[in-house]
Each structure stands twice: as structure tokens, then as C-alpha cells.
Amino acid sequence: MTNPIKYNKKVMEHFSNPHNMGELENPDGVGEVGNPVCGDMMKISIKVEDGIITDIKFLTFGCVAAIATSSVTTTLVKGKTLDEAEKITRKAVADALEGLPPIKMHCSNLASDALYKAIVDYKKKHGIPLSEEEIGREKKIDEEDIHE
């Protein structure tokens, strides 16, 4: 018999009562990612006004950690500038949830990666050039991603 995965109270709160779940109508940017290890799929859509993320929603098919990281990521970035949101790291997502079981850390990768792809999508749609660093990060995410 395997040991069940134990989640902390903050993770369970975001799983049981996810924030910003759903889809935006006419989003300014959309990011979709998937993980071949666990089968989780995540889609984040953003609305941007004057360089600020004014609204954000997510749709996630996945485990407790995937849903919780999606929820907390949306709360971390709503009202932030694109530059501030772009700096949200995998570690920041896990820290905002007061930690994840080590076997579930890859779920925080999905949330931050989907957010990043939504920001890149927004920039591409609005003719905002990407830096070399941004191009490299996008390529790395795409190489890890199964969703096309």
C-alpha cells in the first residue's frame, strides 16, 4: 500500500475553493501547457490594460496540486504589471502555497509556465518584441510541454 500524498491547509483551500477559475471572453493572451509525467493540462488567459493584468482565469485538468497552483498563481498576478507577473517563478508559486510535497513540485512549474506563455502570447499579439531571455524561456517551456 502506498502512502497518500499529504497537502497542507493552504493547498487544500485553493483546491477546494479555487480562485479565478473559468475562461475569459476575448482574452488578450492565452497560455496552455501540459505535463507528460502526470497528465495535467492547464490554460491561463489574461486581460491587460495599460500593461497591467486586470483579469486572469484558469482552466485546469489535473490533480490537487495542479488546481491549487493555478488558483494561487492567478491571485499572485492580478493587478500586477506584465513585467512583475513575468517574474513569478516556480518557487514563488510553491512558496505562496506554503510548500508542496516534493513529488508534486512539477505542478508549480505548470502554473508559472502557463502564465508565462499567456504573457508571451499577449506580447506577440501586440507586436512587443521579446528579449533573448524571453525567447529562451519560451523555447524551454515548449520543449518540456506536450500540448501544441
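Note: the structure precedes this text.
Just so it is clear, the model here is predicted, and its values are computed rather than measured.

Asker: Looking at this structure, I do not really get the nonpolar core. What am I missing?
Answerer: In globular proteins that are soluble, nonpolar side chains generally tend to be buried together. Counting residues in each nonpolar core, the largest one holds 36 residues, and the members touching the most others are Ile 44, Ile 46 and Ile 53. Elements that contribute at least two residues to this core include exactly strand S2 (41–49), strand S3 (52–61), helix H2 (64–77), helix H3 (82–86), helix H4 (90–96) and helix H5 (106–125). At 10 residues, the largest contribution of residues to this core is made by H5.

Asker: It is not clear to me how unusual backbone geometry should be interpreted in this structure. Could you clarify?
Answerer: Outside of glycine, negative phi angles account for most residues, and trans bonds account for most peptide bonds. Phi at Asn 20 takes a positive value of approximately 65°, unusual for a residue other than glycine. Note on placement: Asn 20 falls in the loop between helix H1 (9–16) and strand S1 (29–34). Classification of Asn 20 by relative accessible area gives buried; the value is 15%. Residues other than glycine seldom take positive phi values, yet Asp 50 does so here, at roughly 55°.

Asker: How should I be thinking about the packing of aromatic side chains in this particular structure?
Answerer: Working definition: an aromatic ring pair is given by the centre-to-centre distance plus the angle between the planes. Tallied over the full model, the rule gives zero aromatic pairs. A cation over an aromatic ring shows up here: Arg 137 above the ring of Tyr 116, its NZ or CZ 3.9 Å from the ring centre.

Asker: So what exactly am I meant to see when it comes to H2 here?
Answerer: Residues three or four positions apart in an α-helix share a direction because the helix packs 3.6 residues into each turn. Compared with the 20 Å implied by 1.5 Å per residue over 14 residues, the 21 Å span of H2 between its first and last C-alpha is a close match. Most of H2 sits out of view: 12 of its 14 residues are buried. Every buried residue of H2 is listed here: Val 64, Ala 65, Ala 66, Ile 67, Ala 68, Thr 69, Ser 70, Ser 71, Val 72, Thr 73, Thr 74 and Val 77. Just downstream of H2 lies Gly 79, where phi reads positive at about 90°.

Definitions and limits used
- Residues numbered from 1 in each chain as written.
- Predicted model: local features only at pLDDT ≥ 70, side-chain atom pairs only at ≥ 80, totals over all residues.
- Heavy atoms only, no water.
- Core = buried A, V, L, I, M, F, W, Y, C linked by side-chain atoms within 4.5 Å.
- Buried < 20%, exposed > 50% of the residue type's maximum accessible area, 1.4 Å probe, protein only.
- Helix = DSSP H or I, 4+ residues; strand = E, 2+ residues; numbered from the N terminus.
- Phe/Tyr/Trp six-rings, centres within 6.5 Å; stacked < 30°, edge-to-face > 60°.
- Lys NZ or Arg CZ within 6 Å of the ring centre and 35° of its normal.
- Expected span 1.5 Å × (residues − 1).

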